[in-house]
Amino acid sequence: MKFLAKMNLPNKLTLLRMLCVIAIIVFGIIDFSSPELFTNNELEKVFDVKRLVILILFAFGSFTDFLDGYIARKYNLVTTFGKFMDPIADKLLVNTTFIFLSVWAEIPVIVTIIMIARDTIVDAIRLVMMDQQVVIAASKWGKAKTVTQMIALIVVLVYNFPFFYITNLNLGLYFSYLAALISLISGIDYFWKNRKTLLEGMNQLDELVKKLIANNLTIASCESLTGGLFAASLTKVSGVSKVYKGSLITYQNDAKIRLLGLFNEEIGRYGVISEYTASFMALKTKELLDVDIALSFTGNAGPDTLEGKKVGLVYIGICIKDKIKVFECNFNGNRDEIRNQSIDFAKKILLDYLSGKDLI
C-alpha cells in the first residue's frame, strides 16, 4: 500500500491498465453461460455480457493509455517505472485482445501474428538503438497502427454494430487486415530508418567522430536546455579527444552573461529562447575554444511555457568556419524526449554537413 501511495497518477493509471488486461484474460478464459441482456435479432450478439465486459475493459484500458501519457507530459511526471511499464501495459492490452479474438475465430490468426511479431521486432530495434545512444521518436506509421488497431478491435467486439444496419460487409475483418498492413509497414519503416546501425554496426556518433577526425575538424558545444547532454554523448566515443575540445554549459542566464558576455539588455530584447541567443552562443563558443565547428542549444524542454515560448521550441545553432546558421525546431514529448531529440537533430546536422550537404 505504501508503494501505491508513493506512485504518481500516471503510474497508477498504468497499473489500472494492467488490471484491465488481467480481467480480460479472466473473462476470456473462463467458460460460463452469460445471460443476454437483449434477445432481439442482431442485438442479442452485441450485448452478450461476457463480450460486453471485455469491450468495456478494453475501451477503458485504451482511455487510460491516452490519459496517463497526457498527464505525464503536461505535468512532467515521467518516471523510470512509467517508461518501463507503460509500453508493456499497452502491448499486453492490445495483443491479449487480439489473441482471444483469434482463438474465437473472429480475427485471422495471421493478423495477430503480424501484430505480435511487429511489436517484438520494434522493441528489439529500440533496445539496440538505445545501446547505441540513439533515441527513436514515434513515427506517423506507429500512431496510425495504434488507431487502426483500436478501431478494429472495438468493431469486432461489437459484431460490426451499428454497421450491419448499413452494409453486409464484415468491417471488423477489413479493419483488422488494415491494422495488420499498417503494422507491417510500421515495422519495415522502423527497420529501414535504422538499417545502417543494425546492419553495419556503426551508430551516428561513431560515424560523426570518424568523419570529424578524417576531415581534421575540431568541435565544441555550448548547451543550455541540454545541460551537457551533447558533450556526454559525444565523449562516449573512443578517440573523440582528437577533435572535441570541450563544452560550455550555460544553463542559467547568469552563466550566459558571465561566461559568454551576453548582455541583460539582449536577453530582455530577444529572450534566451531565440535565434539571436543561439547564434550568439555558437559564435562565442567558437571564439573562446578556437574550434572549426561550434554548436549551441537553447530552448524550452518544459513542463511550462518560458518567455511566452511553448514547450518543445528549441533553437540549435551551428557555426562553421566564419558562417552561422540557426535551426528552429518544434519537438514533442517530455523533458527527456525533447532534450534527446535536440541532440539527435544536432547529430544529423553535423552528419549532413560532413557528408557534403551545404547547410549555410
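Bear in mind that the values here come from a model prediction, so they are computed numbers and not experimental data. (Residues numbered from 1 in each chain as written. Predicted model: local features only at pLDDT ≥ 70, side-chain atom pairs only at ≥ 80, totals over all residues. Heavy atoms only, no water.)

Caption draft 1: Structural context of the overall build of the protein. When helices and strands are counted, the protein shows 15 helices and five strands. Taking the contacts inside the protein whose residues are at least 6 apart along the sequence as the reference set, 69% of them involve residues at least 24 apart. (Helix = DSSP H or I, 4+ residues; strand = E, 2+ residues; numbered from the N terminus. Contact = heavy atoms within 4.5 Å.)

Caption draft 2: Looking closely at unusual backbone geometry. Going from Gly 302 to Pro 303, the amide bond is cis rather than trans, its omega being 10 degrees. Summarising the element assignment, Pro 303 is placed in the loop between strand E3 (293-299) and strand E4 (313-320). A positive phi angle is found at Ala 105, which is not glycine, with a value near 60 degrees. Assignment of secondary structure puts Ala 105 in the loop between helix H5 (80-103) and helix H6 (109-131). Overall, the relative accessible area of 67% leaves Ala 105 in the exposed class. Notably, Glu 307 is not glycine yet its phi reads approximately 55 degrees, a positive angle. (Buried < 20%, exposed > 50% of the residue type's maximum accessible area, 1.4 Å probe, protein only.)

Caption draft 3: Summary view of the pattern of salt bridges. Scanning the entire structure with this criterion turns up 16 salt bridges. Measuring nitrogen to oxygen at the nearest pair gives 2.1 Å for the salt bridge that ties Glu 106 to Arg 51. You can see Glu 106 sitting in the loop between H5 and H6 and its partner Arg 51 sitting in helix H4 (residues 49-74), a full 55 residues away along the chain. On the basis of relative accessible area, Glu 106 is assigned to the partly exposed category, the value being 22%. Exposure remark for Arg 51: the relative accessible area of 6% places this residue in the buried category. Among the ionic pairs, Lys 145 bridges to Asp 119, the shortest N-O distance being 3.8 Å. Of this pair, Lys 145 sits in helix H7 (residues 140-157) while Asp 119 sits in helix H6; the two residues are 26 residues apart in sequence, bridging distant segments of the chain. Like Lys 145, the residue Asp 119 is buried in the burial classification. Residues participating in the shared-partner salt-bridge network are Arg 17, Asp 68, Asp 86 and Asp 90. (Salt bridge = Lys/Arg side-chain N within 4 Å of Asp/Glu carboxyl O.)

Caption draft 4: Broad picture of the sheet that holds E4. Within the open sheet, the five strands sit side by side as E2-E1-E3-E4-E5. Their pairing is mixed. In this open sheet, the two strands that pair with only one neighbour each are strand E2 (244-249) and strand E5 (323-330). Each adjacent strand pair in this sheet contributes to an overall mean axis angle of 15 degrees, direction not counted. Relative to E3, strand E1 (residues 219-223) runs parallel, the two being bridged by five bridges. The partner of Glu 223 across the bridge, within E3, is Phe 297. (Pairing = 2+ DSSP bridges. Axes fitted to C-alpha atoms, helices over the stretch in contact; angles between N-to-C directions.)

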